[in-house]
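Results of the structural survey
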Amino acid sequence: MRIKSLELKNFRNYDRESFVFNSGTNVLYGDNAQGKTNVLEALYLGCTTKSHKGSKDQDIIMRGMTDAHLRYVADRDGHETTVEFHLKKQGKKGIAIDRIPIKKSEELLGICHVVFFSPEDLGIIRDGPDSRRRFLNMELSQLNKIYLQYLTQYKKNLKQRNALLRQIQDNPSLKDTIEIWNKGLVDNGIPLIRMREKFIHEINEIMEKKHEHLTGGREKVMMKYAPDVSADSFEEKLIINQDRDIIQKTTTTGPHRDDIIFLNGDEDIRKYGSQGQKRTTALSLKLAEIDIVESKIGDKPVLLLDDVLSELDRKRQNFLLEQIQGIQTIITCTGLEELVENGVGIDKSFLIENGRCKEQIPSDT
């Protein structure tokens, strides 16, 4: 699996630009705030329909413009697919696959799988539950269209139920209608809980081995699912907590409140781990993500590394570089020297200055 080319128009600070990528290691380099990360964001958006930053489509469009476009060509086993996005200030984005518009964004998923790794991924370990649920949702949505369908419907039902809860105190007769939204949450929430549980069990087995190797066996890290409620008890607890929900005007039970715990032995790494332990855990998790994607789709994903090497010490850098052999990789950094010093074989480099690609060397192979 590889991304062959990318074209941007009015995307972030790019008015019009195109890139042709090598099947090996591609490096986007230049000073900070020139637009290197914006290229990775475009690729991630094009493959997942979402910005890795959680940005809204309107925020991605170049200032002063009403719309933006991106087009990329993906290749899998010699079969090329062209994907086009039309982002609008007003209205929903338009997506086309081989010039045929699609009605549902999940039709795009599976064409090209990407794994994004940036210093911000420390937030998965360090920050609140939102960042960990987002990791779960983004990864499972790429791997399983059915998961995305359940997630989309669950969010719609949750929004409707919360809106109803805000109205019930002023109009108590509306309480009789809450059962409709309870059923919607249960029907879609139970499969989410079960799929999350299975995924975390699978990725944890891989992550444990990566982390043990990376630390020379000194640390044994475990990724543990911490559901707000079990699948078997979700319906019962939703009803039990209904009066509390009406008072608080929000749904207090369900998978939208799930979390993941990262343990080193019995210690919660988020609370008690050092900065180095958090970095190592995030690295182990991302490397496990690459392996589990490959095991699910039978192909290697495209790896997007945003200024990651500068955040890792030499040992972690070397471990990462060993693990990504044979994977198309697109890396951002400020200068090529740091990569050369680390023994990174650069197949193609792109000098980025103020939203322009000043040169692409060498030609694609």
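A few points on the structure. (Residues numbered from 1 in each chain as written. Predicted model: local features only at pLDDT ≥ 70, side-chain atom pairs only at ≥ 80, totals over all residues. Heavy atoms only, no water.)

Okay, the overall build of the protein next. What the protein contains, in helices and strands, is twelve helices and 15 strands. Judged by the C-alpha coordinates and their principal axes, the protein covers about 70 × 55 × 35 Å. Burial analysis of the protein (365 residues in total) assigns 53% to the buried set. In the protein, the proportion of contacts linking residues at least 24 apart, taken out of those at least 6 apart, comes to 71%. Only carbon and sulfur atoms are counted for the fraction: they give 46% of the accessible area of the protein, which is about 17,400 Å². Here the protein contributes 56 positive and 57 negative side-chain charges, whose respective centroids are spaced 4 Å apart. (Helix = DSSP H or I, 4+ residues; strand = E, 2+ residues; numbered from the N terminus. Buried < 20%, exposed > 50% of the residue type's maximum accessible area, 1.4 Å probe, protein only. Contact = heavy atoms within 4.5 Å. Areas by Shrake-Rupley, 256 points an atom, 1.4 Å probe, with all protein chains shown as cover. Lys, Arg positive; Asp, Glu negative; His and termini not counted. Charge placed at Lys NZ, Arg CZ, Asp CG, Glu CD.)

All right, on to the packing of aromatic side chains then. Enumeration according to the criterion identifies five aromatic pairs in this entry. On the numbers, 5.7 Å between centres and 90° between planes, the contact of Tyr44 with Phe116 is edge-to-face. Here Phe116 lies in strand S8 (residues 114-117) and Tyr44 lies in helix H1 (residues 36-48), a separation of 72 residues in the sequence. By relative accessible area, which is 7% here, Tyr44 ends up buried. Among the aromatic side chains, those forming a connected cluster through ring pairs are Tyr14, Phe19, Phe21 and Phe350. (Phe/Tyr/Trp six-rings, centres within 6.5 Å; stacked < 30°, edge-to-face > 60°.)

Right, let's get into empty space enclosed by the protein. Across all of its chains, the model carries one cavity of 30 Å³ or more by this definition. Put simply, the largest cavity is a space of about 80 Å³. Residue lining of the largest cavity: Phe117, Ser118, Pro119, Leu122, Arg279, Ala282, Leu283, Val308, Glu311 and Leu312, and that is the complete set. For the lining of the largest cavity, the leading source of residues is helix H10 (residues 275-297), giving three residues. Split by residue class, the lining of the largest cavity holds seven nonpolar, one polar and two charged. (1 Å grid on protein atoms, 1.4 Å probe; cavity = no way out; pocket = protein on both sides within 12 Å on 5 of 7 lines; lining within 4 Å. Points joined across faces, edges and corners; volume = space filled by probe spheres on them. Nonpolar A, V, L, I, M, F, W, Y, C, P; charged D, E, K, R; others polar.)

In this model, helix H5 (residues 145-168) (24 residues) spans 35 Å end to end at C-alpha, consistent with the 34 Å of a helix rising 1.5 Å per residue. Every buried residue belonging to H5 is among Tyr147, Leu148, Leu151, Tyr154, Asn157, Leu158, Arg161, Asn162, Leu164, Leu165 and Ile168, and all of these are buried. Looking at the buried side of H5, the elements it contacts are helix H4 (129-143), helix H6 (178-214), helix H7 (234-240) and helix H8 (242-248). Residue Asn144 occupies the N-cap position of H5, its side-chain oxygen lying 2.9 Å from the main-chain nitrogen of Ile146. (Expected span 1.5 Å × (residues − 1). Polar contact = N/O pair within 3.5 Å; in protein donor to acceptor, adjacent residues only side chain to side chain.)

As a further point, take the layout of surface pockets. Of the voids in this model, the largest pocket is the one considered here, and its volume is about 1,400 Å³. In this structure, the largest pocket is lined by 39 residues; those nearest its centre are Lys50, Ser105, Leu148, Thr152 and Lys155. Per-element tally for the lining of the largest pocket: the top contributor is H5, with nine residues. When the residues that make up the lining of the largest pocket are grouped by side-chain class, the tally is eleven nonpolar, 15 polar and 13 charged. Approximately 420 Å³ is the volume found for the second largest pocket. Lining the second largest pocket we find 20 residues, and of these His52, Glu120, Asp121, Ile124 and Arg134 sit closest to its centre. Among the secondary structure elements, those contributing two or more residues to the lining of the second largest pocket are S8, helix H3 (122-126), H4 and H10.

Pairing is antiparallel across the open sheet formed by six strands, whose spatial order is S2-S1-S4-S5-S6-S7. Edge positions in the open sheet fall to strand S2 (14-20) and strand S7 (100-101), since each of these has one partner strand only. For strand S5 (residues 79-88) and strand S6 (residues 94-97), the ladder comprises four bridges, and the chain directions are antiparallel. Directly across from Val83, in S6, lies its bridge partner Ile97. Packed on one face of the sheet, H1 meets strand S1 (2-11), S2, strand S4 (67-76) and S5 and runs near 110° to S1. (Pairing = 2+ DSSP bridges. Axes fitted to C-alpha atoms, helices over the stretch in contact; angles between N-to-C directions.)

Right, let's talk about the side chain of His211 for a bit. The residue His211 is located in helix H6 in this model. A distance of 2.9 Å separates polar atoms of two side chains, one belonging to His211 and the other to Ser284. Here His211 is in contact with Glu219, Val221, Thr280, Thr281 and Ser284, once residues within four sequence places are set aside.

Everything listed here is a matter of coordinates, which is why it stays silent on function.
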